[in-house]
Every structure is written in C-alpha cells, then in structure tokens.
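Read off the chains here:
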Amino acid sequence: MSTERLLEIEQLVKGFPLPAAPFRAPLRLLAVDHVSLFVHRGETLALVGESGSGKTTLGRCALRLIEPDAGTVHFAGLNLLALRGEALRRLRRRAQMVFQDATLSLNPRMRVGRAVGEPIEMHQVARGAAARERAVALLQEVGLDPAQAECYPHQLSGGQRQRVGIARALSVDPEFLVLDEPVSSLDVSIGAQVLNLLADLQERRGLTYLLIAHDLAVVRHLATRVAVMYLGRLVESAPADPLYRKPLHPYTASLLAAAPVPDPAAGPPRAVIAGEPSSMARPVRGCPFYPRCPHPAKDTRCKEETPDLREVETGRWAACHYANDPFLAAPTP
Amino acid sequence: MTLLSVQDLTVTFRTRGGPVSRPVDGASLDLERGELLALVGESGCGKTTLALSLLRLIPEPPGRIDPSGRITFDGADLLRLSPAELRPVRGGGIALIFQDPGSSLNPVLTIGAQVVEVVRAHTTLDRRAARARARGLLASVGVGDAEYRLDQYPHQLSGGLRQRAMIAMALAGNPRVLIADEPTTALDVTVQAQILDLLADLKRRLGLAILFITHDLSLAAGVADRVAVMYAGRVVEQAPAARLFAAPSHPYTAALLAAIPRVDRPARRLSVIPGQPPPATDWPRGCRFRPRCRYAWARCADEPPLQEAGPDHQARCWLINEPERRGP
C-alpha cells in the first residue's frame, strides 16, 4: 500500500431542503457537515454510521454523482468538482460504484451480459464482439457462469445479482470503487462469499475501496482504516485494529458495545446509549452527540463548543473533548 | 413445561399453473414456559411462514396447512379450532410483532387510537379507562412521555418508538407467548440493543415466552435461552444456546457460524457455504443440506431423522452416529 492519497475530500458540505412549514424560513438538512477524509491507494477506507449519518451522501459526492454544496474533492490529484465534459467522463472510468441493492440498480429488461457490456461500449473500451467477450470474462472473474450472461436479473439469486453489479463496476477497469452496503441485503452465507470476492478482487487488481457500511462486523473483514460518522459529522477515524481495540470517541464505543457477537459467553448486545440519532434533535451548538453521550465527564463545554476532529494519537483522529480519556463501555457483568 | 408445541407442521402454497411450494415441510419445535427460543434461518427457510401458521394467519387459499400436523397451545390443537374459538387466542394467548413497524401501523390513526382499539378488543374497559391502560402499556415498554405519544401519528415516531408501540399493542391482551419476527432488523444497531433489552425485560418481568425469529445467529447468541436452526422448511438442530454455539452438531449450523463476520475476530477471508439455499418448490431429496455439505456421503441420500446429539440437543444429521467422518 502506498501513501499516495488517491481520494482526498476536504471540508465537504451537502445539504438537502426540508419541506417548508408555512410562514417559516425553509430549513436545510445538513447531510454532510464539513467532512474531510482521504483514501490511500490500495487500501480500504470504511465509512461507518447508522441511518441518517450521511455516509451514502458522502459516497455519492466522492464520485460527484450528486453535487456537493461546498468543499473540494480531489481524485488522483485532479480537482473533481472543476472537471467538465470529456475530462469528467475520463475520470468516471477510473472511479465506479457498487450499489446496495443490485435488484434495483440493474435494468430488469436487460440481459446481464449486456448490462456489463454497456459501460464498456459507452466508455469506448471495446466494441461489438470484443465488448461482449470482455463482459463474459468479467462475469467469470466474479464467479458467474458464462452462460449466465444471457439471463435477466430476475433469473439470478440476490448474491449472483450483486456479483453482476460488481462486474459492471469493474467493466471499465477502474482503480477505485465506492461500495455502498455491498452485502447488507444478502444472507449470511451469501454475504460471506461476496466479501471474499471483494477481498480477492482488491488483491488481484490493486483496487482502492471506499466501503460504506452500517455493520461493524462486515467492515472488520475488509477495512484498513475506519471513519465513523454521526449526524453528518466525522467523529472518529483510525486504522482498523486500534479502533476496534480501543475506540476514542464515545459513539464508536457505543456502536461496538451494541454489535452482536455469535458467542453466548460474550453476553447480549449492550445498549449503552439511549435514544436514536435524529437530525431534528441535533443541537444547534455543541457536540452533535451530546444528547446521547454516555461519557461520565461530559459537561457544559460539550454542550456549548463543537469539538473539532483532532489527531489524538498518531494516525488516530477523534472529535471529542475527552478523547484523551476515552469512554469505554463497561464489560458485561 | 411446554407451552406451545409444533409437531410435523407442513404448509403448502399452490400457485396458478406453477409448482407447489412447501415453505414449511415437517417442522417441529417446542416453546417452554417463560423461555426465549430463537428460530434462526436464512431467507426462504420457512421461518416466517411457520410463525404466521401458528395463528393460522396465512391466506387459505392459496396457502394450506396440512391437517396431519399439530400446533398445541394450552391443551388445544390450534389447527382444529373454529374461527370463533381461535379469536381469543390471537392476541390474548399468542401475540405477534413484525419486522417493520412502519408498515404494520395504520398511518392515518394516532398511536393512541391504535393501542386503545386493541385494549378494547381484549377487555370490557370504556374509552377513558382504555386510554389510561394504553398509556400504562406504552410506559411499561419504555416509551417516555406516553400521554403525549398517544396523540402522535406513526410517522412522527422514530423506528425504535414505533416498534415499542407495536410491542405495547401486542401486550394489550396479556398474552403468554410473544412471537417476534425479525423485530430489530429494520433498526439501527444502537436501537436494536435497546429493543433486545426490552424483550429480555418483558420475559423476566411478565414471564412471557418469546419465539424470536431472526436470520442473525449473533443476535440469537446474545438473547436466547435455546436456539432452533431452520433449513429448507425443517428444524435441523435445536439446543440450549450455550451448547449450540460451543458444539454445533449439524454441519449447516457449524458452517453458518463460521461464515459470520465478527467484530471480535478479524479475518481477511471468511469461511463460506458453497451454493445457495434451495427453493421451496424443489427441496433436495434425502438430507436437504446434502448438496452444500462438505461431509456428505452415500448415507445422506436418506433423510436423517431428528436425533439426540446431547443433553436437550437434537439434530438431523447422520454424522451423529458416525462422528469420525467429521475428521480431526
């Protein structure tokens, strides 16, 4: 793995208008609130958070599938937000996306061989018979039978459709993939197959991944580094192992405590925080996690002053005033 | 003591011109008084059809519960009760909650109206008393500010609160059994932990027996007293939770356990189960896991019976008689 930053996002902001109440100023929901992060070439950065944390919005902004309101996105040194026309098209060949639900992202009336071949022709990688051959080879690479190129999506199982989604993303030979919840709609036995496939492809093709997931266990198998989001803010980022061993942000600690483990001796998932993440309930000032924070030291400073993301230890960043004295969920009694 | 017993339950669905589907095909399980039994299986294994059949909630036709099976609750065979006899059992004896509270609640009625309706269906309380009881029920399942919530509509509540409201409605008839079908699947992980806490609390406080249906073995490990694993329409293994996870006897259970990504055990490669679960229209002959089983041999052409694999532990596998085939 290199130290080259293939993707670098700085101070990214993306909001969406909320339905306006009569006689009130229209409100905007800040889905992504001044987030900065980078992905090294060849690594997997996992973006973790619960629903509404802004992780999918950030992933889409990273490929400019939606336009951010402010901030910058650099891909391989190119300013993605300044690119137009042909230059943007060329860049899209290098960065692709795998969607959560392949059932929804594949055209139901297109045979999967053509679905994989379409971007090949569109990006003029190959044409006609050569494009078809390439599509079949890709289907084989992701573990499908060449004959399945003639199938429609509904004739395949969920796991097979997800493989088609991966083959389609790979069809233009990208360096970088955004994986948006790639296994969350699959059964355990099938999800494990797809996770292994993603690990193989990364090694074989030297791919760089931005993995968006809510499941900390899934993330553990692929991630080099992990970034945790809460209500639009990045609250912690660190290399995977230290983050799982000793989280510095109380929200990360709460997520880990709530993650179920298939071992009765480990006890039930622990609810160390009450309530639910709600962008409506997000305080205007202070730490966005303040209302739910279980840290015994939390005080008026947390209520008044939004903590910045700061480097607490080398390579470990956290947005908590008390990150030097991290909250650890008590072990099961 | 067994409270709810399912014996040899078979449910078929006939589709027009299509093949007959048998999502549940000879499934048996016992729910003991006051225990939490987790019924675990992947999509299409028949776990939800089984749950709905317990209260005869599957549409007949096209569905059909084979009359050779038995569902015994409180001394009565639920499959042989008349609709009038079954009505008090629904909600009164056995209550049910579903995966997505958003789609089980009526979006145009307040939470209060919906809980009150259930309370009045099960009691002779007048409107005012029923509202007080509804408020008490909401408070007892951890809904703060219950009086205020009574007047809110489902869309004004978060997913966790909606599921709590569903649980309050399920408790309105003082049931002895709660069937919870993937009650936390639609929720975030921190909220899931809260709902699991609540179910454990209801079990303790009310002595409620809970049939907890989930696709997630990890959840079963955390909350269940016993676990039943379902595959291809049948229960293939059941055991006390501690024993099932320490010494799974059925190769499917063992393979499923090995395939789970774990927060506490990083590994770049997960162990996988080859192939995919069979469709309910075409269960494999002999042992149903045979096409995907790494230990399969000639004996597996015959369907193995559910046999003793240890104390209070049964599994459907020939390996129990020939453990040396499992290798070192």
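All values derive from a computational prediction rather than experimental measurement.

Thresholds applied
Residues numbered from 1 in each chain as written. Chains lettered and ligands numbered in written order. Predicted model: local features only at pLDDT ≥ 70, side-chain atom pairs only at ≥ 80, totals over all residues. Helix = DSSP H or I, 4+ residues; strand = E, 2+ residues; numbered from the N terminus. Rg over C-alpha atoms; globule rule 2.2 N^0.38 Å. Contact = placed C-beta atoms within 7 Å. Buried ≥ 20, exposed ≤ 12 C-beta atoms within 10 Å, placed from the backbone. Pairing = 2+ DSSP bridges. Axes fitted to C-alpha atoms, helices over the stretch in contact; angles between N-to-C directions. Domains from an automatic or database assignment. Nonpolar A, V, L, I, M, F, W, Y, C, P; charged D, E, K, R; others polar. Core = buried A, V, L, I, M, F, W, Y, C linked by C-beta atoms within 7 Å. Parallel < 35°, antiparallel > 145°, perpendicular 65-115°, else oblique. Left-handed = near helix turned anticlockwise from the far one by under 90°. Expected span 1.5 Å × (residues − 1). Arc of directions from axis to C-beta.

Now for the overall build of chain B. Scanning chain B from terminus to terminus reveals 12 helices and 13 strands. A compact globule built from 328 residues would reach a C-alpha radius of gyration of about 20 Å, and chain B, at 21 Å, matches this within 12%. By its C-alpha atoms, chain B is 70 × 50 × 40 Å across when sized along the principal axes. Taking the contacts inside chain B whose residues are at least 6 apart along the sequence as the reference set, 63% of them involve residues at least 24 apart.

What follows deals with the overall build of chain A. Counting secondary structure elements, chain A contains 11 helices and 12 strands. Against the globule reference of 20 Å for 333 residues, chain A gives a C-alpha radius of gyration of 21 Å, in line with a compact fold. On the principal axes, the C-alpha backbone points of chain A span a range of 65 × 50 × 45 Å. When burial is assessed residue by residue, chain A has 50% of its 333 residues classed as buried. For chain A, restricting intrachain contacts to residue pairs at least 6 apart in sequence, the fraction spanning at least 24 positions comes to 63%.

To continue, consider the environment of A:Leu88. Mapped onto the secondary structure, A:Leu88 falls in helix H2 (residues 85–92). Here the alpha-carbon distance between A:Leu88 and A:Arg64, two residues 24 residues apart in the chain, equals 9.5 Å.

Take unusual backbone geometry next. Of note, the amide linkage connecting B:Glu60 to B:Pro61 takes the cis form, showing an omega dihedral of -15°. Residue B:Pro62 follows B:Pro61 across a cis peptide bond; omega there is 10°. Examined against the element boundaries, B:Pro62 turns out to sit in the loop between helix H1 (47–54) and strand E4 (63–65). Even without being glycine, A:Leu231 reaches a positive phi, approximately 45°. Inspection of the secondary structure assignment puts A:Leu231 in the loop between strand E9 (225–230) and strand E10 (233–239). You will see that B:Glu182, though not glycine, has its phi angle at about 50°, which is positive. Positionally, B:Glu182 belongs in the loop between strand E8 (177–181) and helix H9 (189–206). Overall, the presence of 19 C-beta atoms within 10 Å leaves B:Glu182 in the partly exposed class.

The pairing of strands in a sheet comes from backbone hydrogen bonds and takes either a parallel or an antiparallel form. Residues and elements named next belong to chain B. With mixed pairing, eight strands are arranged side by side in an open sheet as E7-E8-E9-E3-E10-E11-E13-E12. Where the open sheet ends on each side, the last strands, each with one partner, are strand E7 (94–97) and strand E12 (307–310). Taken over all neighbouring pairs, the strand axes of this sheet differ in orientation by 25° on average, direction set aside. Here E12 pairs with strand E13 (residues 313–315) via three bridges, running antiparallel. Opposite Glu308, over in E13, you have Gln314 as the bridge partner.

Attention now goes to the domain arrangement of chain A. All names here are of chain A. In terms of domains, chain A is made up of domain 1 (5–94 + 174–318) and domain 2 (110–172). For domain 1 versus domain 2, the distance between C-alpha centres works out to 30 Å. Sort the elements by how many residues they give to the side of domain 1 that touches domain 2 and helix H7 (residues 188–205) lands first, with four residues. The class makeup of the residues in the side of domain 1 that touches domain 2 is seven nonpolar, two polar and one charged.

Let us look at the environment of B:Gly233. Residues and elements named next belong to chain B. For Gly233, the position within the fold is in the loop between strand E10 (226–231) and strand E11 (234–240). Judged by the 27 C-beta atoms lying within 10 Å of it, Gly233 is buried. Separated by 153 residues in sequence, Gly233 and Arg80 place their C-alpha atoms 22 Å apart. When neighbours within four sequence positions are excluded, Gly233 is seen to be in contact with Arg22, Pro23, Val24, Asp25, Ala27, Gly46, Ala280 and Trp283.

On to the nonpolar core, then. Of all hydrophobic cores here, the largest spans 209 residues; its most connected members are A:Leu211 and B:Val115. Examining the composition of this core, we find that eight residues originate from one element, helix H8 (residues 159–171) of chain B, more than from any other. When neighbours within four sequence positions are excluded, B:Val115 is seen to be in contact with B:Ala134, B:Leu137, B:Leu138, B:Ala165, B:Ala168, B:Met169 and B:Ala172.

The next thing to look at is the sheet that holds strand E4 (residues 70–75) of chain A. Residues and elements named next belong to chain A. Here four strands make up an open sheet; going across it, the order is E2-E1-E4-E5 and the pairing antiparallel. Two strands close off the open sheet at either side, each with one partner strand: strand E2 (28–40) and strand E5 (78–79). Along the sheet face, helix H1 (residues 55–62) touches strand E1 (5–17), E2 and E4 and points at about 120° away from the line of E1.

So, about the domain arrangement of chain B. Residues and elements named next belong to chain B. When cut into domains, chain B gives domain 1 (2–93 + 176–188 + 201–326) and domain 2 (105–174). Just the C-alpha atoms count here: the centres of domain 1 and domain 2 sit 31 Å apart. Listed as interface residues are six residues of domain 1 and, on the opposing side, seven residues of domain 2. Here the side of domain 1 that touches domain 2 is built from residues that sort into four nonpolar, two polar and no charged.

Here we take up the interface of chain A and chain B. Taken residue by residue, the interface counts 40 residues in chain A and 41 residues in chain B. Put simply, the parts of the chain that give the side of chain A that touches chain B at least two residues each are H7, helix H8 (216–222) and helix H10 (250–258) of chain A. Broken down by element, the residue count for the side of chain A that touches chain B peaks at eight residues, all from H7(A). In the side of chain A that touches chain B, the residues fall into 23 nonpolar, 11 polar and six charged.

Residue and element names in this part refer to chain A. Two elements in contact, helix H6 (residues 158–170) and H7, have axes separated by 9 Å at closest approach and are oriented at 20°. Of the possible angle classes, the one that applies to H6 and H7 is roughly parallel. Considering only the axes of H6 and H7, their crossing is right-handed. Where H6 abuts H7, its residues Gly158, Gly159, Gln162, Arg163 and Ile166 lie against Ile190, Gln193, Val194 and Leu197.

Residues and elements named next belong to chain A. Relative to the 20 Å expected for 14 residues at 1.5 Å per residue, helix H5 (residues 128–141) spans 20 Å between its end C-alpha atoms, a close match to the ideal helical length. Turning to H5, its buried residues number three or more, namely Ala131, Ala135, Val136, Leu138 and Leu139. Projected down its long axis, H5 shows its buried positions confined to an angular sector of 160°, all on one face. Residues of H5 that are exposed and point more than 90 degrees away from the buried face comprise Ala129 and Ala137.

Right, let's talk about the environment of A:Arg161 for a bit. Residues and elements named next belong to chain A. Tracing the chain through its elements places Arg161 in helix H6. Residue Arg161 is classed as buried on the basis of its C-beta count, with 23 C-beta atoms lying within 10 Å. Considered as a pair, Arg161 and Leu91 are 70 residues apart in the sequence and their alpha carbons are 26 Å apart. When sequence neighbours within four positions are dropped, the list of residues in contact with Arg161 reads Ala102, Thr103, Leu106, Pro153 and Leu156.

Here we take up the pairing of E11(B). Both faces of the sheet carry side chains from a regular strand, because those side chains alternate between them. Residue and element names in this part refer to chain B. The element E11 is extensively covered by neighbouring structure, given that six of its seven residues are classed as buried. Inspection of the sheet shows E10 paired to E11 by six bridges, in the antiparallel sense. When the sheet's bridge partners are listed, Tyr231 is paired in E11 with Arg234. Hairpin connection, E10 to E11: the antiparallel pair is bridged by two residues, and Ala232 has positive phi, about 50°. Here E11 runs beside E13; their pairing, made up of two bridges, is antiparallel.

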